[in-house]
Amino acid sequence: MPCIYMNSFIFAVGGFASAYYWSSTEYNNNNAWKQNFDNGNQNNNNKNNTNYVRAVRDFKQTIFSENLSASAKAQIGFLS
């Protein structure tokens, strides 16, 4: 399952539509996870369906991670 902590970063990153975005994490061979940054919902969805994508650049993790546990940092590792 994709990171549940990403919803807290939407305000720092900004510019998201009120829609689902693909995660890079697969659910299985035919499905991948998607994330709605507006309401925090996460679902898996068939890869043939259409969702938004967003290119992510490298973030300095010290900006976001100083108050997160080690497991939370590991879950957001795909952002960098």
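What counts as what
- Residues numbered from 1 in each chain as written.
- Predicted model: local features only at pLDDT ≥ 70, side-chain atom pairs only at ≥ 80, totals over all residues.
- Heavy atoms only, no water.
- Pairing = 2+ DSSP bridges.
- Helix = DSSP H or I, 4+ residues; strand = E, 2+ residues; numbered from the N terminus.
- Axes fitted to C-alpha atoms, helices over the stretch in contact; angles between N-to-C directions.
- Phe/Tyr/Trp six-rings, centres within 6.5 Å; stacked < 30°, edge-to-face > 60°.
- Buried < 20%, exposed > 50% of the residue type's maximum accessible area, 1.4 Å probe, protein only.
- Lys NZ or Arg CZ within 6 Å of the ring centre and 35° of its normal.
- Polar contact = N/O pair within 3.5 Å; in protein donor to acceptor, adjacent residues only side chain to side chain.

Caption draft 1: Structural detail: the sheet that holds strand S1 (residues 20–26). Strand order across the open sheet formed by three strands is S1-S2-S3, with antiparallel pairing between neighbours. Two strands lie at the open edges of the sheet, namely S1 and strand S3 (42–46), each paired on one side alone. Shown here is a sheet whose adjacent strand axes are inclined to one another by a mean of 40°, direction ignored. Across five bridges, the pairing between strand S2 (residues 31–36) and S3 is antiparallel. Each bridged residue has a counterpart across the sheet, and for Asn31 the counterpart in S3 is Asn46.

Caption draft 2: Broad picture of the packing of aromatic side chains. Evaluated as defined, the whole model comprises three aromatic pairs. On the basis of an interplanar angle of 40° and a centroid distance of 5.3 Å, the ring pair of Tyr21 and Tyr52 is categorised as tilted. Residue Tyr21 is located in strand S1, and its partner Tyr52 is located in the loop between S3 and helix H2 (61–65); the two are separated by 31 residues in the primary sequence. A relative accessible area of 6% means that Tyr21 is categorised as buried. Owing to a relative accessible area of 45%, Tyr52 belongs among the partly exposed residues under this scheme. Note on Tyr27 and Trp33: the rings are 5.3 Å apart at their centroids and 85° apart in plane angle, and the pair reads as edge-to-face. Residue class for Trp33 comes out buried when judged on its relative accessible area of 11%. The ring centre of Tyr20 lies 4.1 Å from the NZ or CZ of Lys34, which sits over that ring.

Caption draft 3: Looking closely at the side chain of Gln35. With respect to the helices and strands, Gln35 occurs in strand S2. Classification of Gln35 by relative accessible area gives buried; the value is 5%. In this structure the side chain of Gln35 is engaged in a polar contact, spanning 2.6 Å, whose partner is the side chain of Gln42.

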